[in-house]
Amino acid sequence: MQFLQLLVSGLSQGCIYGLIALGFVLIYKATETVSFAQGELMMLGAFCGLVLMKLLGMPFWIAVVASIAAMALFGVLLERVVIRPILGQPAFSVVMLTIGIGYVLRGLVTMIPGFGTDTHALPVPYKDEAVQLGPLVLAAEQLAVIAATAVLCVLLYAMFRYTRLGVAMQASSQNQLAAYYMGIPVQRLNGLAWGLAAAVAAVAGLLLAPITFVHANMGFIGLKAFPAAVVGGFGSLPGAIVGGLVIGVIESLSGFYLPEGFKDTAAYIVVLLMLMVKPNGLFGERLVKKV
Amino acid sequence: MRFLFKTSYEQDIRLAKHGGHVLWYALLCLALLAAPWVAPEYWVAQLTFVLIYGIAGLGLMLLAGFTGQFSLGHAAFLGVGAYTQAVLTGMGWPFALVLACSAGLSAAVGVVVGLPALRLKGIYLGIATLAFGFIVEEVFARWESVTGGNSGKAVLPPQIAGHALESTEAFYFLCLGLAVVCTLGIVNLLRAPTGRAFVAIRDSEISAQSMGIHLAYYKTLSFALSAALAGIAGALYAHKMQFISPDQFSILQSIDLLLMIVIGGLGSVHGAFLGAAFLILMPQLIALGKDALPEAIGQAPGLQAVVYGLVLIGFVLFEPMGLYGRWLKIRTWLQLFPFYRKGLFKRQKTFQKSDRLK
């Protein structure tokens, strides 16, 4: 029973990792660069929700929708203003750029007086409720995480499968140049991919907030999502979620069964093993260049 | 205006390209040697830190700037060097031997990381080294019998020929000497076949391989040398701080090192030291600027992070060759004085080379 309980809490934590990893993968697939600011975007999303709910007194659902929309807009803006000028430069420049963005966002949030440095609780309607499921006791926060991730996955799947926008995004992620020749506006799609990634990060932030509180440094959890993305295969959207779940469950189990210290490093040990055994991840596609 | 007319291949790899080089570097050495007599002790200590970070930056520069292998866990090598130094100095070993051990052990760890990293490229390598950095940091925190765990470990001053080097000046000269030796070593390595192989690997692995360069050997060598330099820097850092704890070798430190070489100028030896100087001077400049700003902004805790981030973004966007690139432009302007053209250093946009298809 202990095992099942651990499994479920691992799954809910894994969903958070998966959602952040989803952001990495969306950006990686569209633009072939990796955003190290994903964790900070998540933090910003959580703060956005907090401001809307606490300071402006918006009802929960409106605040959630508004902060997701705001973050999506922010993502598009970020791409337009900062990322686009160095399009075509080595991928490493973009990595450094996003590290810089992460620094700035974290610093700016901390600079807000009497607000940024403290820990806040996000007032959600399902706070402190528990669900009895047979012999399992589940916190409502954990259930919300799992349910929201499932819904988001279905929505994303439908978008990529059935809408023109999704199909165009798939095309440009396969081969940007060819997609460009076919009349797909690749640049605008890159912006949209950043917007989508920021929106997903906001969802992750809002889901994580009731569990760990809102804090300027909560974005460091983004570093745990890298292993999730690698385990799933860096270019695969379902892989990101599966990788997140794998990392979450392993972390939760190793925290209980293994000696102290393994909980924090389990994700990284797993990713090193994965990179040695199967560098393309569980769902990664293997592409070979013909000379 | 100066024209360098090269008539032989040897001229191309000469250390000093012309008399001006000899003059300027001699002046720099004199200034550095004279520093303890003219500068206040506080600035000598800061200069020592610049030299220490410069050595670490040199190592990372060799790996990232010249071989094209990015490491996001370089602070781990720094830590290995620092802890080895702390433990062995505590056992009363002489400084030279301990330093050799620190560098050697770091290099060995570098090989251990470098070997599995052979299969990885680009961002995957970054994530692997990131994971390695986290694991090593955790090992430092948990292996309490050796490292003292989270409560940290005190480090004795270095022992040279039976004397303990305790004064700021003496330690400064030690760092200066080591920095000069390391720099000369790296500069010479870079003009030797090994260094050229590194650069070839950075520019294109496929063409390097087809020219007969053994990729696995040179990549591992690059990791080992880079780790050894980081180990030396870590050892000096441990002596300078006189106290080390795991959080000094965290991922943030690794990112600081990376930030340092990017700001200094990726792919230049000067860049390592320029970046180190920048990183050490930055907090002082921010402290100076704080008073000029309105209180609400100046006293906010996040100011330093914002400035760091903005500087980094600015450099990546507007000056990708870093401080050294800026100096190159100024120098070229002076050399070509009336004839400098505006677009001389303009970057050409290329289609992004795919990381996936390699």
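Parameters at a glance
Residues numbered from 1 in each chain as written. Chains lettered and ligands numbered in written order. Predicted model: local features only at pLDDT ≥ 70, side-chain atom pairs only at ≥ 80, totals over all residues. Heavy atoms only, no water. Helix = DSSP H or I, 4+ residues; strand = E, 2+ residues; numbered from the N terminus. Expected span 1.5 Å × (residues − 1). Domains from an automatic or database assignment. Contact = heavy atoms within 4.5 Å. Buried area = accessible area lost by both parts, 1.4 Å probe. UniProt positions renumbered as here; feature names shortened; annotations may be inferred. 1 Å grid on protein atoms, 1.4 Å probe; cavity = no way out; pocket = protein on both sides within 12 Å on 5 of 7 lines; lining within 4 Å. Points joined across faces, edges and corners; volume = space filled by probe spheres on them. Patch = residues over 30% accessible without salt bridge, like charges linked within 9 Å, V, L, I, M, F, W, Y side chains within 5 Å. Areas by Shrake-Rupley, 256 points an atom, 1.4 Å probe, with all protein chains shown as cover. Salt bridge = Lys/Arg side-chain N within 4 Å of Asp/Glu carboxyl O. Buried < 20%, exposed > 50% of the residue type's maximum accessible area, 1.4 Å probe, protein only.

Draft legend 1. Local environment of helix H12 (residues 251-264) of chain B. Between its terminal C-alpha atoms H12 of chain B stretches 20 Å, which fits the 20 Å expected from 14 residues at 1.5 Å a residue. One or two positions beyond H12 of chain B, positive phi appears at Gly265 of chain B, with a value near 125°.

Draft legend 2. Highlighting the domain arrangement of chain B. Residues and elements named next belong to chain B. Annotation of chain B at the domain level lists domain 1 (7-38) and domain 2 (39-345). One C-alpha centre belongs to domain 1, the other to domain 2, and the line joining them spans 23 Å. Contacts between domain 1 and domain 2 engage ten residues on the former and 13 residues on the latter. Here domain 1 packs against domain 2, burying approximately 1100 Å² in sum over the two surfaces, 65% of which is carbon and sulfur. Of all residues in domain 1, Ile13, Leu15 and Pro36 bury the most surface against domain 2, accounting for 49% of the area lost on that side.

Draft legend 3. Inspection of the UniProt feature "transmembrane region" (unreviewed entry) in chain A at higher detail. All names here are of chain A. Mapped onto this numbering, the UniProt entry annotates "transmembrane region" (unreviewed entry) at residues 6-27, 34-52, 58-78, 90-116, 136-160, 192-213, 225-253 and 265-283. Counting secondary structure, residues 136-160 comes out at 84% helix and 16% strand; the distance between its end C-alpha atoms is 36 Å. Secondary structure across residues 192-213 divides into 95% helix and 0% strand, with the first and last C-alpha atoms of the span separated by 29 Å.

Draft legend 4. Highlighting empty space enclosed by the protein. Applying the stated rule across the entire model yields three cavities of 30 Å³ or more. In this model, the largest cavity occupies a volume close to 200 Å³. Around the largest cavity, the lining is made up of 16 residues, and of these Phe36, Glu40, Arg106, Phe220 and Leu223 of chain A lie nearest the centre. Elements with a minimum of two residues in the lining of the largest cavity: helix H2 (38-55), helix H4 (91-111) and helix H9 (222-232) of chain A together with H12 of chain B. The element that contributes the greatest number of residues to the lining of the largest cavity is H4 of chain A, accounting for four residues. Taken as a whole, the second largest cavity spans an internal volume of roughly 80 Å³. Looking at the second largest cavity, the residues that line it are Leu26, Lys29, Ala30, Phe160, Met169, Gln170, Ser173, Ala193 and Leu237 of chain A.

Draft legend 5. Geometry of a nonpolar patch on the surface. Residues and elements named next belong to chain A. Among the surface-exposed residues, Met1, Phe3, Leu4, Phe256, Tyr257, Leu258, Phe262, Ile269 and Leu273 lie close enough to one another that they form a single nonpolar patch of about 850 Å² accessible area. Among the secondary structure elements, those contributing two or more residues to the nonpolar patch are helix H1 (2-31), helix H10 (237-257) and helix H11 (262-277). Among the elements that make up the nonpolar patch, the one with the highest residue count is H11 (three residues). Structurally, Met1 can be placed in the segment before H1. For Met1, a relative accessible area of 52% translates into the label exposed.

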